[in-house]
Amino acid sequence: MEKIIYIQDIDPRVLFGTNNHLFELLRKYFPKLKIMARGEEVKIQGPDEEIVLFQERFALLMALAQRKNILQETDILTLFGGESLGTEDWDDDQAIVFGNDGKSIRARTPNQQALAAAYAQNDLIFALGPAGTGKTYTAIALSVRALKNKEVKRIILTRPAVEAGERLGFLPGDLKEKLDPYLQPLYDALHDMIPGKRLQTYMEEGVIQIAPLAYMRGRTLDNACVILDEAQNTNLGQLKMFLTRMGCNAKFIVTGDATQIDLPRKSDSGLPEVEKMLKHTKGIAFIYFDDRDMVRHPLVKEIVKAFERFDE
């Protein structure tokens, strides 16, 4: 009997290891099979019952690799050397998603946990609070999980291209090169959660899109998880334009920090007005982050407090 297994949504280098050392290890557990790997195909030849067993175990191995983005020899030993076909030992109930190094990315603070819980119950969520509280990072982790679980077909991340004391026109390069620095924090988060080759493919195919807010006009965003970051730098008209892009099976997350408005006039920010208008609307959740959620350097909390005292 001959069978071909196709590898999808997984980098073969993760599955087989450096210089195929993981692949060679798993072959030792099936001496009656001839197992060959080429690109994204695994061809198996041998007795029927051995092939069926190999398929069952290899399917679990692929699921583990897709979930955690990394495999170790102990994973091969546990799965192929043991009798159990379960992966309970690998599950982390508190993990939102696993980073490229296999480390679990989880909601670490009460309000991060509240954001994760609100995501399951609401289609529009506002995550508001100071810098360094993990608003955007948690939101992106939720969107990556939704994409991996096929709950949505694409992720769209957007920010207003508003200058924070600098001048956009003096930056070198074409429009994309001028705008990319404003979107870099979004790229950074994605690089933590999705392997580089897979992320590049997603972006080339439009599965993951990162664009300035102005590019959202006229679109209807179906089957997508959409995140608007730095929403305090949008006016009321821009927020209305963004929120009315919501299509079928869409999840929208809006993050913002009212203490970091970079508009020429702080009163132009539409975020406080939208908060008043939508605060009690069913299906919309507001999560308020504070200094207890700080996940950056401990000094960041003291800096934020000092600026709050100064503003008062």
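Look up a bit, the structure's there.
Residues numbered from 1 in each chain as written. Predicted model: local features only at pLDDT ≥ 70, side-chain atom pairs only at ≥ 80, totals over all residues. Heavy atoms only, no water.

Caption draft 1: Highlighting the sheet that holds strand 1 (residues 2–6). Read from one edge of the open sheet, three strands run 1-3-2, paired in antiparallel fashion. Looking at which strands have only one partner, the edges of the open sheet turn out to be strand 1 and strand 2 (34–38). Ignoring which end each strand starts from, the neighbouring axes of this sheet average 15 degrees apart. In the packing of helix 3 (residues 48–68) onto the sheet, contacts are made with strand 1, strand 2 and strand 3 (41–45), and the angle to strand 1 comes to roughly 5 degrees. (Pairing = 2+ DSSP bridges. Helix = DSSP H or I, 4+ residues; strand = E, 2+ residues; numbered from the N terminus. Axes fitted to C-alpha atoms, helices over the stretch in contact; angles between N-to-C directions. Contact = heavy atoms within 4.5 Å.)

Caption draft 2: The arrangement of the pattern of salt bridges in detail. The full count for this structure, using the stated rule, is six salt bridges. Ionic pairing is found between Asp268 and Arg265, a salt bridge with its closest N-O pair at 3.1 Å. Taking relative accessible area as the criterion, Asp268 reaches 29% and is therefore assigned partly exposed. The residue Lys276 makes a salt bridge to Glu273 at a minimum N-O spacing of 3.7 Å. Placement of both Lys276 and Glu273 in helix 10 (residues 271–278) is noted, with a separation of three residues, approximately one turn of the helix. What makes Glu273 partly exposed here is its relative accessible area of 37%. Where salt bridges share partners, they join Arg159, Asp229 and Glu230 into one cluster. (Salt bridge = Lys/Arg side-chain N within 4 Å of Asp/Glu carboxyl O. Buried < 20%, exposed > 50% of the residue type's maximum accessible area, 1.4 Å probe, protein only.)

Caption draft 3: Fine view of the environment of Leu278. Relative to the helices and strands, Leu278 resides in helix 10. Taking the C-alpha atoms as reference points, Leu278 and Phe126, 152 residues apart in sequence, are found 10.0 Å from one another. Not counting residues within four places of it along the chain, the set of residues in contact with Leu278 comprises Phe126, Leu243, Ile284 and Phe286.

Caption draft 4: Quick look at a nonpolar patch on the surface. There is a patch of nonpolar side chains on the surface, built from Leu299, Ile303 and Phe307 and spanning about 330 Å² of accessible area. Locating Leu299 in the fold gives a position in helix 11 (residues 298–311). The exposure class assigned to Leu299 is exposed, which follows from its relative accessible area of 52%. (Patch = residues over 30% accessible without salt bridge, like charges linked within 9 Å, V, L, I, M, F, W, Y side chains within 5 Å. Areas by Shrake-Rupley, 256 points an atom, 1.4 Å probe, with all protein chains shown as cover.)

Caption draft 5: Highlighting the packing of aromatic side chains. Inspection of the entire model under this criterion finds six aromatic pairs. Ring geometry for Phe16 and Phe23: centres 5.0 Å apart, planes at 65 degrees, overall edge-to-face. Take Phe16: its relative accessible area is 4%, and that puts it in the buried class. In this structure Phe23 comes out as buried when scored by relative accessible area, which is 4%. Taking the centre distance of 5.2 Å and the plane angle of 85 degrees together, the rings of Phe30 and Phe54 count as edge-to-face. Here Phe30, found in the loop between helix 2 (21–27) and strand 2, pairs with Phe54, found in helix 3; they are 24 residues apart in sequence, far enough to count as distant. Residue classification places Phe30 among the buried positions, given a relative accessible area of 3%. Taken together, the ring pairs connect Phe30, Phe54 and Phe58 into an aromatic cluster. (Phe/Tyr/Trp six-rings, centres within 6.5 Å; stacked < 30°, edge-to-face > 60°.)

Caption draft 6: Spatial organisation of helix 8 (residues 196–205). Turning to helix 8, its buried residues number three or more, namely Arg198, Leu199 and Tyr202. Summarising the axial view, the buried residues of helix 8 lie within an arc of 100 degrees, below the 170-degree limit, and thus occupy one face. Exposed side of helix 8, more than 90 degrees from the buried face: Lys197 and Glu204 are the residues found there. Backbone geometry just downstream of helix 8 places Gly206 in the positive-phi region, at approximately 80 degrees. (Arc of directions from axis to C-beta.)

Caption draft 7: Main features of the environment of Gln72. Mapping Gln72 onto the fold places it in the loop between helix 3 and helix 4 (73–81). Using a relative accessible area of 47% as the deciding quantity, one classes Gln72 as partly exposed. Each C-alpha atom of the pair Gln72 and Leu15 lies 9.4 Å from the other, and the pair is 57 residues apart in sequence.

Caption draft 8: View of the packing of helix 9 (residues 236–243) against helix 10. Helix 10 packs onto helix 9 with a crossing angle of 55 degrees between their chain directions and a minimal axis gap of 8 Å. Between helix 9 and helix 10, the interaxial angle falls into the category oblique. Both helix 9 and helix 10 take part in a crossing whose hand is right-handed. Across the interface between the two elements, Leu236, Leu239 and Leu243 from helix 9 touch Leu271, Glu273, Val274, Met277 and Leu278 from helix 10. (Parallel < 35°, antiparallel > 145°, perpendicular 65-115°, else oblique. Left-handed = near helix turned anticlockwise from the far one by under 90°.)

Caption draft 9: Region of interest: the nonpolar core. Of all hydrophobic cores here, the largest spans 38 residues; its most connected members are Ile140, Leu190 and Met193. It is helix 6 (residues 135–148) that provides the largest number of residues to this core, a total of seven residues. Not counting chain neighbours up to four residues away, the residues in contact with Ile140 comprise Leu157, Leu186, Ala189, Leu190, Met193 and Ile227. (Core = buried A, V, L, I, M, F, W, Y, C linked by side-chain atoms within 4.5 Å.)

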